[in-house]
Amino acid sequence: MNRLRVFVKTFEIWIFLICAPLTSAIFVYGVQLHIIPGRIYIHGRFFLLLFLLMGLVKFTRGNAGLKDLFSPMLIWKVPVRWYLFALLFASSIACLTLCLKAFYLGGDFTIFKLNFSAITSLSFVINMILFALVGEVVWVSFAVRQLSKFMNIFFASQIVGLVWGLWWAPIVLFNVGVIEDLPILALIINMMGAAGICAVVYGQTKSGICVWVLQTMLNAACLTFPVAPGAGIQTYWAFSIVYFLVMLGLMFYFNRTKKRSQKQNIAFTKIIN
């Protein structure tokens, strides 16, 4: 048992990244075959992911690991600008995408039609917030944080984004309890962009709450702004690509700023010594 625990602990992050999309596929397939009751599908897919992670962490690191897993959710004292960023980023990208689409169509800004019907249901909003919380804990507080211990934060976030998209793939193919007719490749690009932005926010704040807000607002923006496939597959592709490109720009900017700050600190230390 100790050998097994050592092996699993050594490859903990990789085991999780492999198992996460596999369990999603098995769960969705089980629902399709009516082996798993359909009534647990909406919440079950997210809680299965969370319990998979918690079980793995409990096995490898015990209660201390579980405490560490949720510790970023206790950090809330961060500059207000980061909360504003988290609240407005996704809707800003949606607006930018729609502006580009409007100019492409010859200045037709009638496409800016917001739809708040999906988020008028209290139970739906609670579920959206709850599912964003699961996403924050699983993909950022654990996956990005663990991978970034031995690789660049950009590459860590992109690996996580790819697996995140693969986790969604069976759900998208099932086409139930998700935005309908999502193109999987565009979704993966969107998730890689989302993981990158989450990594930027977490890297600057260490706050799981900020990332939670960011992901909640991404979900809300996709439902309220006409950027989902219902407004045209090309529009969702454009939204995913713009989101990804802006993420690249921000990732480059903050990484360069961090390196410059580190060089200044090293130079300052040499002067003092």
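Everything quoted here is computed from the prediction, not taken from an experiment.

## So, the packing of aromatic side chains
- For the structure on display, the rule yields 19 aromatic pairs.
- A ring pair is formed by Tyr41 and Phe174, whose centres lie 5.2 Å apart and whose planes are at 85°; its orientation type is edge-to-face. Taken together, the residues span a long stretch of sequence, with Tyr41 in helix α3 (residues 41-70) and Phe174 in helix α6 (residues 153-174) at a distance of 133 residues.
- With a centroid separation of 5.8 Å and an interplanar angle of 75°, the aromatic rings of Phe46 and Trp168 are classed as edge-to-face. Taken as a pair, Phe46 in helix α3 and Trp168 in helix α6 lie far apart in primary sequence, 122 residues in all. Residues Phe46 and Trp168 agree in their burial class; the two are buried.
- An aromatic cluster of at least three residues, connected via ring pairs, comprises Trp82, Phe85, Phe89, Phe239, Tyr243, Tyr253 and Phe254.
- Just above the ring of Phe59 sits the side chain of Arg5; from NZ or CZ to the centre is 4.7 Å.

## A look at the pattern of salt bridges
- Counted according to the given criterion, the structure contains 3 salt bridges.
- Between Arg61 and Glu12 there is a salt bridge, with its nearest N and O atoms 3.2 Å apart. Here Glu12 lies in helix α2 (residues 12-32) and Arg61 lies in helix α3, a separation of 49 residues in the sequence.
- With its nearest N and O atoms 3.6 Å apart, the salt bridge here joins Arg61 to Asp68.
- A residue is classified by how much of its surface remains accessible, and Arg61, at 24% relative accessible area, is partly exposed.
- When salt bridges with common partners are traced through the structure, they connect Glu12, Arg61, Asp68 and Arg145 into a single cluster.

## Notes on helix α4 (residues 80-104)
- With 25 residues, α4 should cover 36 Å at 1.5 Å per step; its first-to-last C-alpha distance of 36 Å lies within 8% of that length.
- At Leu88, α4 is deflected by roughly 40°, the largest bend along its length.
- By the burial criterion, the buried members of α4 are Trp82, Ala86, Phe89, Ala90, Ser91, Ile93, Ala94, Thr97, Leu98 and Ala102.
- In the stretch just after α4, Gly106 is the one whose phi turns positive, near 90°.

## Digging into the packing of α3 against helix α5 (residues 122-147)
- One can describe the packing of α3 onto α5 by two numbers: an axis separation of 10 Å at closest approach and a directional angle of 40°. The angle between α3 and α5 falls in the class oblique. For the element pair α3 and α5, the recorded crossing hand is left-handed. For the pair α3 and α5, the contacting residues are Ile42, His43, Phe46, Phe47, Leu49, Leu50, Leu53, Val57, Arg61, Asp68, Leu69 and Phe70 in the first and Asn127, Leu130, Phe131, Val134, Val137, Val138, Trp139, Ser141, Phe142, Arg145 and Gln146 in the second.
- Broken down by class, the residue content of the contact of α3 with α5 amounts to 16 nonpolar, 4 polar and 3 charged.

## Details of the confidence of the model for the protein
- The pLDDT averaged across the protein works out to 91; a share of 94% of its residues lies at or above 70.
- Throughout residues 266-271 the model reports pLDDT below 50, and contacts reaching past four residues in sequence, or to other chains, amount to 0 contacts.

## With respect to the environment of Phe47
- Within the secondary structure, Phe47 sits in helix α3.
- By relative accessible area, which is 26% here, Phe47 ends up partly exposed.
- Taking the C-alpha atoms as reference points, Phe47 and Met192, separated by 145 residues in sequence, lie 22 Å from one another.

## A look at the side chain of Gln158
- Tracing the sequence through the fold places Gln158 in helix α6.
- Those residues in contact with Gln158 that lie beyond four places of it in its chain are Met192, Gly196, Phe244 and Met247.

## Considerations on the nonpolar core
- If you look at the biggest cluster of nonpolar residues, it comprises 76 residues, and the most contacted ones within it are Phe16, Trp139, Trp168, Phe239 and Tyr243.
- Where this core is concerned, the elements lending two or more residues are α2, α3, α4, α5, α6, α7 (184-205), α8 (208-224) and α9 (233-272).
- The contacts of Trp168, once residues within four sequence positions are left out, are Arg45, Phe46, Val178, Leu187 and Met191.

## Considerations on the environment of Val160
- Looking at the element boundaries, Val160 is found in helix α6.
- Judged by relative accessible area, which is 0%, Val160 ranks as buried.
- As for Val160 and Ala195, which are separated by 35 residues in sequence, their C-alpha atoms are 6.7 Å apart.
- Sequence-distant contacts of Val160, defined by excluding residues within four places in its chain, comprise Trp139, Ala143, Val144 and Leu147.

Calculation criteria
- Residues numbered from 1 in each chain as written.
- Predicted model: local features only at pLDDT ≥ 70, side-chain atom pairs only at ≥ 80, totals over all residues.
- Heavy atoms only, no water.
- Phe/Tyr/Trp six-rings, centres within 6.5 Å; stacked < 30°, edge-to-face > 60°.
- Helix = DSSP H or I, 4+ residues; strand = E, 2+ residues; numbered from the N terminus.
- Buried < 20%, exposed > 50% of the residue type's maximum accessible area, 1.4 Å probe, protein only.
- Lys NZ or Arg CZ within 6 Å of the ring centre and 35° of its normal.
- Salt bridge = Lys/Arg side-chain N within 4 Å of Asp/Glu carboxyl O.
- Expected span 1.5 Å × (residues − 1).
- Bend = angle between axes of the 7 residues up to and from the residue.
- Axes fitted to C-alpha atoms, helices over the stretch in contact; angles between N-to-C directions.
- Parallel < 35°, antiparallel > 145°, perpendicular 65-115°, else oblique.
- Left-handed = near helix turned anticlockwise from the far one by under 90°.
- Contact = heavy atoms within 4.5 Å.
- Nonpolar A, V, L, I, M, F, W, Y, C, P; charged D, E, K, R; others polar.
- pLDDT = per-residue confidence, 0-100.
- Core = buried A, V, L, I, M, F, W, Y, C linked by side-chain atoms within 4.5 Å.

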